[in-house]
Structure formats: structure tokens, C-alpha cells
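# Architecture and fold: a report
Read off the chains here:
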Amino acid sequence: MPSPEPESASSVANPPVALAVLGGWRRLAAWPGALDALWPYALFTLVFVGYWLVGDLYLNVPGEIHIFRIEFPLALYLFFAAMHLLRPSRWRPWLALTGVFAPYAVHDLYWYFFNDIPEIVALKELPELFIAGDWTLQAAILAAAAAFCYVVATQVRYRWSNLIVLLPGLVVLTVLALAPERIKTAIEWGAVWINPWIKADNAALNGRFTIALYNESKRRIARRALATYADNPARKADDDALVAYLKSRVLDDRPVFLVVLESFLDARALKPLRERNDILDPEFLRLYGKYWGYSVSPTFGGATARAEMELLCGIPSLREFDNVEFNLFSGRRVACLPQILARIGYDTLASDPYIPSFFNAQRAYPGMGFKEVYFAQELGDRASYLHVRSREQYLFDGDLYRQHRAFLEQRDGGQRFFSYLLTTYGHLPFEVQMPLRIKVKTKEKALERVVNQSYYRSAALAEQIQWIVKRYPRSLIVAVADHLPVLRAGPDTYLKMGYMNNVAEAIYYNRLLVVRDGKPKKYPTLHHFSIPDLIYDYLTDGAYCRDYACALPYPYDKERLRERYRYLLGNAVLDPE
């Protein structure tokens, strides 16, 4: 009789694995005094295994026993270190458990709401998150910070042995900082498999802490290489050739307007609201309803700066060097759309009615080539035509457009300018600031506020476009949403409500409107990073996309743009000239 084939790791049932891990505790507990010392670690193991099973089920990836090769020892060490650092009390095991598994919960909540895996570098975004968040998020951050400070002040034992316990963790962090390739190699050796396409699989199969270290090591390795990408004579020659080409082709003065609509949602793309033509302004629908298109954003529910970089630089947000590429900009000018237009004689104007430090915009905008940058005067320390009614409220689109129109009417200069306008009104918590006129029957409470916002915003956008067309009949207007608003259940809300009939990447589809010389034109689906090519093509009366390889078709192979991505960001991090 042939012997049975050995059972593969992936076919091992999860409950027997859990029992095998826990089986040794009963024997160890028989030792005198061992129960008091070991029960917290038994509790930790139970929670770890339970979280492993539930978490992997939630991520729709079957649990793998390989998670016990790196993730379990790493989490166990963190629990042991916390137990050693904390004063003896009945709360010590529970505080230590909280310290280990709170990051797990934050990780999975981030995935739940944003359909993405957070990385260590995202900790730099906490100030922006706090500033932009609603009061509940701000309260949660303050409460977590206060709890952490309380524990550090009252529950931690400060003694020399702490250094010995913390030494392994400090060694790992030091190696991560100085030799990240060693961390990357070690994890690749111990991991069951690293999926190069789906980050959620990596977290589920190999562990949250493990993949956080792995992603940070990859980011540090890539960032070290940035300087080598900056000096690229071929790319610089391409930029000079593009400038010369545009100078010879762009013969008349045509202003270009790019309006980015924060979290704008055309709720008619949701199945329950598909027949509701009353949820957008009727005048807007009459003039532009048939010409709505779609542009695919790199982000869902947040990180507007990633969408901005694509729209302004014509490169995909690959996050090879930072979670948000805006953080890399030093203010040094790089060959993004505003800089190219500035080199052919355009005035380049950026208007952002928010805080200059938000996502490093005060350096990123000049670095991209904007000659004039305006933030809300009440939220910064520089002169500006932009004013907000309240520091606690996002400026309504209509008020922003009115201020922008008055600014252009008083502005000295001709019509050869590029105006970039970033709206903020659609930001969380979706405060309408006006009477609710649209009723939406849904369990998603925020959806009704978003729909009412969109109604008022579409009316304001129609008024803005009509003013531009009347004053600048030969002009290009591009209005595009940065990303969809994040609702209560994140991507699941859109999935359950059949957004865009649940096509592939549906949650990244955002509304796009293009008006050329006063006439709206509907484009097929584009990427956000296609917009600069669309603008160059307009300015050259269609010659640009005949002579250059435009990135207009969707889907477009992003790998074809990786070299330019590295080149632009390699220059962006250098000291300003």
C-alpha cells in the first residue's frame, strides 16, 4: 500500500494548528508557579491565533501557518517587551495586549475604509489627518495620545534592564535604517510568498508587522536610489525638446483652467439612485450632463496629493519612494506640467484654500513650476486673495469660484496663463452649510450630505464654466474629481450600491468634464496622469498626440512611465537651486 503524500502547508486546517500551538501550555502549567507567569502568554497566543483566523477571513485570504515563522515571534517579542516595561498589576497583560494589537486594528480599519494597506511612513501624515479629520477622528487621536502618555508616565518601570529587553528591537530598527536590504532579504527568506501585486495578500499571509517592515525596507532602498535617477541627460533632453516643440506650435494665447473637485460624487452612478436626475443642478445637467466622462484616480477616499501629482506631473503615483509623493518635494523646480508651461511663457497660478503645510503643498506647488501660489490667508502667513469664513469650515466651491473670478478680473497680464484651482468643500465630514434639499433613503447617513453637496457644487461649477467661456472663449477647462468620498463602509458601500456597475477598479473612477473653446467634449475614460497630455494636445490643435505617444487610452501601462516617475522625483528631492 503506497504511503500517503505529505500534507502541504496550505492544506493544514487552521483549528488543529491553533491546538498544536496551544498544546504545550497545559504541560508547562504543571510546573510550580508557572501558571502565574505563563497565563498572559497563553492569553496572547489565543488572541494572536484568533486575530489571525478572523483577520485572514476578513481579507478573504486563507490563513497560512507560515505566519508563525516571522510574525508570531515578532509580535510575541513586542508583548514580552511590553510586559517587562510595565509595572506589575492586574491590568499589565491587557495593556500589553492593547499595545500589540491596536496597530493590528488600525491596519485593518485603514484597509476597510480605504482599500489600501498602511505603511510605516504614513505616520508622517498624522498631523494632516488630525487637521483634516472631523471631530470624532480628532477626538480619537487625542484620546489615543492621552492614553499613551498616561501609560508612559504612570505604568512604565524605568530601569537599566529595559535597555537589554529593548535591544533586539533597537537592532532591527537600526538595520532597517542603515541596511534595509538585509531586512528585505530576511523577510523574503522567511515569508511564505510576497505578492508583487496585491498588498492585502501579503499582510494576510505573512503578518501585518512583517509586511510593514518589508514595505518600509523596500521604500528605503528605493529612496536611496533617488539621487541616481536625477542625473538623466536623455530625460532632460526630452524636456528641452518638448519645450521647443510647444513654443513652435502654441502660437496664440489660450488660458487653461484645471479644477480639482474634492471628493465629488455623481451619485447617479450608484444603482439605487440611477434614475434620480434631481440630485444634480438642472442647469448643469442641461449644459454638461451628456458630456460627463471618467478619469481613474490613483487613490480612494483620501490622499488628494496623490491625485494632484498625477494631474500636474503626468506620471502615476507609484508610491515607490513615499506614501505620498508630495512629501518628497523640496521646492526645486521639476518638469511637471506647470513648469513646462512656464517655460513657454505661461503664467502659472495655483489656488488652494487650505493650509500651506498640508501634504507639503507649500514646497510641492513651487517645485512643480507654479510661479504664483495662493492659500487661504487666514490659514497661513502669506498674502493671498483667498479668504475663508471660518477656520473650522471648508470653503464652499461657489465662494471659491467667486473669489477666483474677482481675482482674474483685477489681474494684470494677458490670457496666456494656467490656472489650477483645488476645491476643499467636499472634504470630511461633508458639512453641507446650506439647506438640505435632496432626500436620500439609505442607511449610509453621510450619503445624503454628499448628494446635497454635489447638487450645490454642480450649480456653482456650471456658473464658473459659463463665466470662463464668456470671458475667455478660446480656453480649455478641465474639471475632475480627485477621488470618491469615503463613506461608512468604505469600498463596500460602493460595491453594495453597484457603483459603475462594479466594473474593475470602480472605486477609482471619478467624474471628468472637458470644455474646449466653449464647447463641452466627452472623452473616453482616462487616467488622472493623462490630463497633461490632453492639455498639450489642446494647445497644439491636436498635433501633440500625433507626434508624441500620449497616455490617453485607458488602461495605460504604468510601467512605461516609471523611468520618468523616478527622474522627476529624483530631482524633486534635491536642494532648491
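Numbers given for residues are sequential positions, taken from 1 along each chain in its written order. Selection of residues for local features in this predicted model requires a pLDDT of at least 70, selection of side-chain atom pairs for listing and counting requires 80 or more, and totals for whole chains, interfaces and linings are taken over all residues. The basis for every side-chain value is the complete set of heavy atoms in the structure, and neither hydrogens nor water enter the calculation.

The next subject is the overall build of the protein. The helix and strand labels rest on DSSP assignments: H or I over at least four residues marks a helix, E over at least two residues marks a strand, and numbering proceeds from the N terminus. When its secondary structure is counted, the protein shows 22 helices and 9 strands. Under the scheme applied here, a residue whose accessible area is under 20% of the maximum for its type counts as buried, over 50% as exposed, and between as partly exposed, the area being computed with a 1.4 Å probe on protein chains only. A buried classification covers 55% of the 577 residues belonging to the protein. Should any heavy atoms of two residues lie within 4.5 Å, those residues are considered in contact. Here the analysis covers contacts within the protein between residues at least 6 apart in sequence; of these, 74% occur between residues at least 24 apart. Within the structure as shown, the protein displays about 27,000 Å² of accessible surface, and the carbon and sulfur contribution to it stands at 60%. Computed with a 1.4 Å probe, the accessible areas rest on the Shrake-Rupley method; for each residue, only the protein chains presented here act as cover.

Moving on to the pattern of salt bridges. In what follows, salt bridge is the name for a side-chain nitrogen of Lys or Arg lying within 4 Å of a carboxyl oxygen of Asp or Glu. On inspection of all chains with the given rule, the structure shows 25 salt bridges. Between arginine 457 and aspartate 397 there is a salt bridge, with the nearest N and O atoms lying 2.7 Å from each other. With arginine 457 in helix α18 (residues 445-471) and aspartate 397 in helix α17 (residues 397-410), the pair connects residues that are 60 residues apart, well separated along the chain. Each member of the pair arginine 457 and aspartate 397 is classed as buried. With a shortest N-O distance of 2.7 Å, glutamate 559 and arginine 562 are connected by a salt bridge. Residue glutamate 559 is classed as partly exposed on the basis of its relative accessible area, which comes to 48%. According to the relative accessible area criterion, arginine 562 is partly exposed, its value standing at 21%. When salt bridges that share partners are traced, they join Asp252, Arg254, Arg474, Asp517 and Asp541 into one network.

Fitted lines through C-alpha atoms give the axes, limited to the stretch in contact for helices. The angle between two N-to-C directions lies from 0 to 180 degrees. One can describe the packing of helix α7 (residues 161-178) onto helix α8 (residues 180-190) by two numbers: an axis separation of 5 Å at closest approach and a directional angle of 115°. The orientation of α7 with respect to α8, classified from their angle, is roughly perpendicular. Residue-level inspection shows Val172, Val175, Leu176, Ala177 and Leu178 of α7 in contact with α8, the latter providing Pro180, Arg182 and Ile183. For the contact of α7 with α8, the residue count by class is 7 nonpolar, no polar and 1 charged. The cut-offs work like this: below 35 degrees is roughly parallel, past 145 is roughly antiparallel, 65 to 115 is roughly perpendicular, and the gaps in between are oblique. For this classification, Asp, Glu, Lys and Arg are treated as charged, while Ala, Val, Leu, Ile, Met, Phe, Trp, Tyr, Cys and Pro are nonpolar and the rest, including Gly, are polar.

Glancing now at α18. Because each turn of an α-helix spans 3.6 residues, side chains separated by three or four positions end up pointing in the same direction. The span you would expect from a helix comes to 1.5 Å times its residue count less one. Over its 27 residues, α18 runs 40 Å from end to end, which matches the ideal 39 Å to within 8%, given 1.5 Å per residue. Within α18, 20 of the 27 residues are buried, which leaves the element mostly enclosed by the surrounding structure.

In this section: the nonpolar core. Residues belong to one nonpolar core when they are buried, are Ala, Val, Leu, Ile, Met, Phe, Trp, Tyr or Cys, and are joined through side-chain atoms within 4.5 Å. Judged by nonpolar contacts, the single largest core of 136 residues is most densely connected at Leu258, Tyr365, Phe418, Tyr420 and Tyr499. Here this core gets 13 residues from one element, more than from any other, and that element is α18. Apart from residues lying up to four places away in sequence, phenylalanine 418 is in contact with Val256, Leu258, Leu312, Leu337, Pro338, Leu341, Tyr346, Asp347, Thr348, Leu349 and Phe370. Among the nonpolar cores identified, the runner-up in size contains 21 residues, and Phe72, Leu86, Val156 and Phe209 belong to it.

Purely geometric stuff here, so don't read any function into it on its own.
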